[in-house]
Structure formats: structure tokens, C-alpha cells
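# Remarks on the overall topology
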Amino acid sequence: MECFVVWYAICLQMSMEKLSHKNLTQQTLSQMRNASRAILFLRIFIGGVILLHVIGKMQTYSNLVIDYPPVLGLSSATTLTITMLFQSLFAALIVIGVATRLVSSVMFMVTLLSIANMMQIHDMTIMDLKLDFLYLGIYTTLIISGSGIYGFNVPWATMQTEK
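To start, this report covers the structure provided alongside it. (Residues numbered from 1 in each chain as written. Predicted model: local features only at pLDDT ≥ 70, side-chain atom pairs only at ≥ 80, totals over all residues. Heavy atoms only, no water.)

### Considering the nonpolar core
If you look at the biggest cluster of nonpolar residues, it comprises 17 residues, and the most contacted ones within it are Ile46, Ile50, Ile94, Met107, Tyr139 and Leu142. Broken down by secondary-structure element, the contributors of at least two residues to this core are helix H1 (2-59), helix H3 (76-96), helix H4 (100-120) and helix H5 (130-145). The contact partners of Met107, leaving out residues within four places of it in the chain, are Ile50, Phe90 and Tyr139. (Core = buried A, V, L, I, M, F, W, Y, C linked by side-chain atoms within 4.5 Å. Buried < 20%, exposed > 50% of the residue type's maximum accessible area, 1.4 Å probe, protein only. Helix = DSSP H or I, 4+ residues; strand = E, 2+ residues; numbered from the N terminus. Contact = heavy atoms within 4.5 Å.)

Structure representation (C-alpha cells):
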């Protein structure tokens, strides 16, 4: 009888450990999905904000082109047009989740250079550039997290690791 009680206790403990491990795995997967949903929201949000920013630039194109600095020997109009095209492309890539870390890194660097330019040349203070610092925080988050599980580059990455 004692042998049966010991065996039953061992079996009960093993089943509790399996249940606990299964429960922990389900909680971890649930947390991962929730984090990926938050990253998806952040990607859609920042992509939409960038696209709205580009639309605003298009609406005031004639005023912006006058003061826009020429870069690499290109005219101001060409530089502004190329900038708007790349911002639109990068916003779309962030929203769909392709090369999120790379695109966010480039946007981070461009925003950082823009902040330095505004503080140096236009004598703006940190308080004037609060929105740009918010962008830096969002880009940093996307650089760290990547696109999450709801990005288009994720299925290809998992297929490559399975082979």
C-alpha cells in the first residue's frame, strides 16, 4: 500500500509539473502575441504619421523648395522630391514589416541629423523639437524589437531556420 501511495504522489507531482510547464508556455506565447500586436500598432502608427508628414510637405511644396538645402550638387527641388519619395517608401516598409530594423535605423539617423541641424543652424531648443525626440524613441523601439510576428519578413526568416 505504501508503494502505491508513493507511486501516486510521484505521478501527481509529475503531472503538476507538466501542467505548470504547459501553462507557462501558454502564458509566454500569449505575452509574445500581445507584444507583437503592440509592435504592429506602433508600426502602423509611425508609418501613418510619416505619410501624413510627407502629404503635408507635398501641400506646401512651393514654399519648402525655396528654403530646402541642396545636397550633393542636386537642386533644392530634386533633393526635396527624393527626400519625400524615400520617406514614403520607408513608411510603407515599416507598416508592412519588411526590413523594419534597417529602415528604422536609417530613419533614426536622419532624424538625429535633422535635430542637430535644427539646433545648430536654426537655433531651436530641445523644447521646440519634442516631436522629433518622440520619433527617435519610436525608431529606437522598432530597432530593438524588429517587426514582431506580424511582419512580412517573418515567414521567410522562420523557413530559413527550419532547413
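### Observations regarding a nonpolar patch on the surface
On the surface, Val71, Leu72, Leu74, Ile82, Phe86 and Leu89 cluster together into a nonpolar patch covering about 570 Å² of accessible area. Within the secondary structure, Leu74 is located in the loop between helix H2 (61-67) and H3. (Patch = residues over 30% accessible without salt bridge, like charges linked within 9 Å, V, L, I, M, F, W, Y side chains within 5 Å. Areas by Shrake-Rupley, 256 points an atom, 1.4 Å probe, with all protein chains shown as cover. Salt bridge = Lys/Arg side-chain N within 4 Å of Asp/Glu carboxyl O.)

### Digging into H3
Compared with the 30 Å implied by 1.5 Å per residue over 21 residues, the 30 Å span of H3 between its first and last C-alpha is a close match. Those residues of H3 lying buried are Ser76, Thr79, Leu80, Met84, Gln87, Phe90, Ala91 and Ile94. Angular distribution of buried residues about the axis of H3 spans 135°; they occupy a single face of the element. In the segment just after H3, Gly97 is the residue with positive phi, at about 85°. (Expected span 1.5 Å × (residues − 1). Arc of directions from axis to C-beta.)

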